[in-house]
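Architecture at a glance
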Protein chains: 10
Amino acid sequence: MEIEVFPNPAPGRNYEITHVNQEFTSVCPKTGLPDFGTVTIKYVPDELCIELKALKYYFLEFRNKGIFYEAVTNVILDDMIKVCNPKELEVITEWKVRGGINSTIRASYKKGE
Amino acid sequence: MEIEVFPNPAPGRNYEITHVNQEFTSVCPKTGLPDFGTVTIKYVPDELCIELKALKYYFLEFRNKGIFYEAVTNVILDDMIKVCNPKELEVITEWKVRGGINSTIRASYKKGE
Amino acid sequence: MEIEVFPNPAPGRNYEITHVNQEFTSVCPKTGLPDFGTVTIKYVPDELCIELKALKYYFLEFRNKGIFYEAVTNVILDDMIKVCNPKELEVITEWKVRGGINSTIRASYKKGE
Amino acid sequence: MEIEVFPNPAPGRNYEITHVNQEFTSVCPKTGLPDFGTVTIKYVPDELCIELKALKYYFLEFRNKGIFYEAVTNVILDDMIKVCNPKELEVITEWKVRGGINSTIRASYKKGE
Amino acid sequence: MEIEVFPNPAPGRNYEITHVNQEFTSVCPKTGLPDFGTVTIKYVPDELCIELKALKYYFLEFRNKGIFYEAVTNVILDDMIKVCNPKELEVITEWKVRGGINSTIRASYKKGE
Amino acid sequence: MEIEVFPNPAPGRNYEITHVNQEFTSVCPKTGLPDFGTVTIKYVPDELCIELKALKYYFLEFRNKGIFYEAVTNVILDDMIKVCNPKELEVITEWKVRGGINSTIRASYKKGE
Amino acid sequence: MEIEVFPNPAPGRNYEITHVNQEFTSVCPKTGLPDFGTVTIKYVPDELCIELKALKYYFLEFRNKGIFYEAVTNVILDDMIKVCNPKELEVITEWKVRGGINSTIRASYKKGE
Amino acid sequence: MEIEVFPNPAPGRNYEITHVNQEFTSVCPKTGLPDFGTVTIKYVPDELCIELKALKYYFLEFRNKGIFYEAVTNVILDDMIKVCNPKELEVITEWKVRGGINSTIRASYKKGE
Amino acid sequence: MEIEVFPNPAPGRNYEITHVNQEFTSVCPKTGLPDFGTVTIKYVPDELCIELKALKYYFLEFRNKGIFYEAVTNVILDDMIKVCNPKELEVITEWKVRGGINSTIRASYKKGE
Amino acid sequence: MEIEVFPNPAPGRNYEITHVNQEFTSVCPKTGLPDFGTVTIKYVPDELCIELKALKYYFLEFRNKGIFYEAVTNVILDDMIKVCNPKELEVITEWKVRGGINSTIRASYKKGE
């Protein structure tokens, strides 16, 4: 997996970047039916920032992939750590109702912990 | 009570899973009339995650059961602890208006406390 | 089926009464799973008005009945016509999402048409 | 019943005045418990307009009166016709939920019909 | 009263212009206390359009003027007719709650009626 | 004052119960006019829970009582402490606009402080 | 294309059925990127009603199909006419923002026109 | 001015296409300051449909153009008629608050009128 | 400046009183044009509470006074400290949009700091 | 860059000033297309406050400037520090959806850290 990055324009400062994709879709591995959700990526960059258009294409790779809510959240977290090695990172996935139930998964990472 | 669980796909990481059922209904033991509410289950998994469809069927067992707001909240908390032995757990029940009054019950658990 | 009615307090005037039950539930005859919805009854009374508490108990009779959206809407319309013989009547049922789809059924009646 | 009125400042023009009281309360004659609602009065004045403060005091007279939804709506309609003899008038009462059911009553009047 | 106008840029076409001032205030002539509201002016221009900044200053003239809801609505309607002689015009004033009551006045004009 | 209570079904656990009455009304002792508001009671039960229907009747006792916002809030706090001796308690009263001003009063109690 | 239908339970009455799918996705044939939208189907049944689960699977067939907004709307309209031969039918597609622009397409059909 | 169009995929049917651009900006010719607004284009196509990306670039041409609200609305209406010769067309521009006033302009066209 | 106060009915308890005036208006000293905003006063009373009607009249004194956002916020904070000598106090002013910009000022005080 | 400032009217007190510009626009350096967003500036003034009209003109300088989200946020932060040397400062930029993704950047500064 290669996602385009660019140098952090303010590397000496701790600040927070959030990208919210309201058009995420993957496939339930159990039923084969699509899942729909919102994916939020919030991070404090170190030397690298994630390029926005590249991030869009990264999300598209899940469109026909069978993967559970809990797994997709942790996979995105792991991928983003590899891609831009941030100081801090949080990934939140919020899923549309299934069987009357809405689900949200929230995972985070802090460098050095 | 047996609710299907599956192995936590990221057991080495503390992260939070939330399931919100907006279609919960039980019966008031005093009046015999149905109560309607939203039940939220928020937990940090240890080794096991709760399977979503199984959770739906678990909630259905309350449909014709006579039980008070305070009791149903604590029963769900106790059941979830038994089912998946989480690191942390919170159960919130929010009830539709009765006699002009909306009620919310919130109970939580932390392993080792 | 007997639902309590009372004499229209303003029989010489055409006016409109609306009752909205946001806590309607019945059972899907195909899956056996509960459906949840809002039922609206809007009518122009002739000689009789529907008693509110009796209406609540009438709705409760659907709680464990297996019946499709389209049927339940037409059944309520037919029952209300028998109960209070109104000048005009409209029944609207709005159902919570199932399989990503929200459904609404709307049926109406006008005396003499 | 006497409600202060004042001369219509634009008697040659058909225009519409709406007053919405969101703090209406009366008593259910069956249970003795209070009902709460919003009362809307919408009229096209002829020679007289209803004074706002007087209208407030008129509404207060229902505070401890036992009266059904349908009756209170028609009583207010009749009273307003007597008080200001409008060209057109509509009264809408919207009631807070009772037994899971919200009710709305809507009655209107047109001079010469 | 002089409000700046400008030539209608599309005089051969019937189209609708709406200006909504959410910061209108005048004074109640009975209590001396300020009233606050939103004033909407909707018109089909004939040969002239109302200049927006001039309209703002026109509204400011009411700031310390004692005038009732019904009167202010009709005065603005009359003034706008004089200023730009429109094909159609509607003035709506919506007032903040006084004594638990919200009021709205709506007056309109059509050339040649 | 006697309000029905029942034994806490989970006495060994600290959890939070909230009841929100959106239909509270009392009387302003200065003007004799009614006040309308929402009263929230949030508590951590010790040995006793407050019965919901009894709470509704308790609130009704204020309907025709003349009492200021600040006083009613503290009176309810004191009464609830006597009734169920909770570990923690918070009372919030939120009042409808009077003279263009919305008021909120918030008082709390913690056993042993 | 075969979508399961079932006999209209109230064939002698004109009434309206609406299904809203908030999880529709297809692919832009120009860019190859996914489009997301809401599809509404509103119809007056004649002899047949559309089965809800079958409708869900019908929508899934567009998931990886390249098709423009205007075409997908008309295709769904044509398909539904063939499937259930309704008295009246309306299809509305509302699309998420692309290039700062939200689009909505609305097409309808009436038997015998 | 040339905006790309494409053949109407359902030329024998009257249906409605709406594009809403929430990111429109032009410049006030009086003050030189930018105006911001939402532009809605709603039309019934005849033989041609407007291409969405081309429409986006058309809107961008106003970014640094000095033009009044009323004029820009009529210019867009005239341009769209020339571009796609629709059966019906409506253009609505809604502008952000200036001097406490929100403005909306609404112009429409019907072929053959 | 004299604003009526009354004795705190629960002087031995720390609790919080909030008054929100959504109808505040003053004048910009630079342009002479009116500013509109919401003023919130939140305090923990010591021995005295602020009388609500008196507070309304206090706010009215700003109606035709030329004063900047930052100054009016600090002036109200200073005045309230003098009037009722509270344990804690916070003043928030939120202003309607000017030149596309909304402003909020927030100042607070704690006795003994 | 020179932005007009004025002396803090309450220099001995720590208080917070927030300005929110909902009409910010700049240009994407990659595509040449405009970006739209909301810019929030929240600061605790030391000796100087930022003049509101000057701030509006400062924001206008970005209208045709090519600059990325992350850079514009840090540039505004640096500029504001130079202009008014505040005790604390936070800049938040929230951007309209691009490629289905909403972005927010949040950077802050504290004197002496």
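Treat the numbers as computed from the prediction; the structure is a model and nothing was measured.

Helix and strand counts for chain A stand at two helices and six strands. Sequence-ordered secondary structure for chain A, helices as α and strands as β, is β-β-β-β-α-α-β-β. Its C-alpha atoms give chain A a radius of gyration of 14 Å, near enough to 13 Å, the size a compact globule of 113 residues would have. Its C-alpha atoms put chain A at 45 × 25 × 20 Å along the principal axes. Within chain A, contacts between residues at least 6 apart in sequence are counted, and of these 69% link residues at least 24 apart.

Moving on, we come to the interface of chain J and chain A. Taken together, the 13 residues of chain J in the interface contact 17 residues of chain A. Elements with a minimum of two residues in the side of chain J that touches chain A: α2 (69-84) and β6 (101-110) of chain J. When grouped by side-chain class, the residues that make up the side of chain J that touches chain A number four nonpolar, six polar and three charged. Judged from the seven bridges that link them, strand β2 (residues 15-27) of chain A and β6 of chain J form a sheet pairing that is antiparallel. Bridge assignment links E16 of chain A to a residue of β6 of chain J, and that residue is R106 of chain J.

Let's shift gears to the arrangement of the chains. With respect to C-alpha atoms, chain F approaches chain G no nearer than 33 Å, and the pair has no contact. These two, chain A and chain I, are apart from each other, with no contact and a minimum C-alpha gap of 23 Å.

What follows concerns unusual backbone geometry. Notably, N85 of chain C is not glycine yet its phi reads approximately 45°, a positive angle. By the C-beta count within 10 Å, which is 14 here, N85 of chain C ends up partly exposed.

Looking now at the pairing of strand β2 (residues 15-27) of chain I. On a regular strand, each side chain points to the face opposite its neighbour's, so the side chains alternate between the two faces of the sheet. Direction of pairing for β2 of chain I relative to strand β3 (residues 34-44) of chain I: antiparallel, over a ladder of nine bridges. Bridge pairing in β3 of chain I links H19 of chain I to I41 of chain I.

What connects the two chain copies is a rotation about an axis and a shift along it. With an RMSD of 0.0 Å, the operation that places chain J on chain A is a rotation of 72° combined with a shift of 0.0 Å along the axis. Accordingly, the operation relating the two chain copies is best matched by a five-fold axis.

Further remarks concern the confidence of the model for chain A. For chain A, per-residue confidence averages 96 on the pLDDT scale, and 99% of positions sit at 70 or higher. Interface scoring of the predicted complex returns ipTM 0.94; its pTM is 0.95.

All names here are of chain G. In the sheet, strand β3 (residues 34-44) pairs with strand β5 (residues 88-98) via eight bridges, with the strands oriented antiparallel. Within β5, the position partnered with T38 by the bridge is E94. Bridge count between β5 and strand β6 (residues 101-110): nine bridges; the pairing is antiparallel. Residue pairing for β6: E94 is matched across the bridge by T104.

On to helix α2 (residues 69-84) of chain D. At 3.6 residues per turn, the α-helix brings residues three or four places apart onto the same side. All names here are of chain D. With 16 residues, α2 ought to run about 22 Å at 1.5 Å a step, and its terminal C-alpha atoms sit 23 Å apart, in line with that. Looking only at α2, the buried set comprises Y69, E70, V72, T73, N74, I76, L77, M80 and C84. N85 sits one or two residues past α2 and shows a positive phi near 45°.

Right, let's get into the environment of I76 of chain B. Residues and elements named next belong to chain B. Note on placement: I76 falls in helix α2 (residues 69-84). In this structure the C-alpha to C-alpha distance between I76 and A107, which are 31 residues apart in sequence, comes to 9.7 Å. The residues contacting I76, other than those within four sequence positions of it, are V39 and V91.

Next up on the list: helix α1 (residues 52-60) of chain B. Within α1 of chain B, the full set of buried residues consists of L52, L55, Y58 and F59 of chain B. When α1 of chain B is viewed along its axis, its buried side chains cluster within an angular range of 110° and face the same direction. Considering only its buried residues, α1 of chain B is in contact with β5 (88-98) and β6 (101-110) of chain A together with β2 (15-27), β3 (34-44) and β4 (48-50) of chain B.

What follows concerns the environment of I50 of chain D. All names here are of chain D. Locating I50 in the fold gives a position in strand β4 (residues 48-50). For the pair I50 and V83, spaced 33 residues apart in sequence, the C-alpha separation works out to 7.8 Å. When residues no more than four places from it in sequence are discounted, the contact partners of I50 are I3, V5, L55, V83 and C84.

For the rest of this paragraph, the subject is the environment of I3 of chain I. All names here are of chain I. Tracing the backbone shows I3 in the segment before β1 (5-7). I3 sits 80 residues away from V83 along the chain, and the two C-alpha atoms are 6.5 Å apart. What I3 contacts, discounting residues up to four positions off in sequence, is I50, A54, L55, Y58 and V83.

Calculation criteria
Residues numbered from 1 in each chain as written. Chains lettered and ligands numbered in written order. Predicted model: local features only at pLDDT ≥ 70, side-chain atom pairs only at ≥ 80, totals over all residues. Helix = DSSP H or I, 4+ residues; strand = E, 2+ residues; numbered from the N terminus. Rg over C-alpha atoms; globule rule 2.2 N^0.38 Å. Contact = placed C-beta atoms within 7 Å. Nonpolar A, V, L, I, M, F, W, Y, C, P; charged D, E, K, R; others polar. Pairing = 2+ DSSP bridges. Buried ≥ 20, exposed ≤ 12 C-beta atoms within 10 Å, placed from the backbone. Least-squares fit on C-alpha atoms with pLDDT ≥ 70 in both. pLDDT = per-residue confidence, 0-100. Expected span 1.5 Å × (residues − 1). Arc of directions from axis to C-beta.

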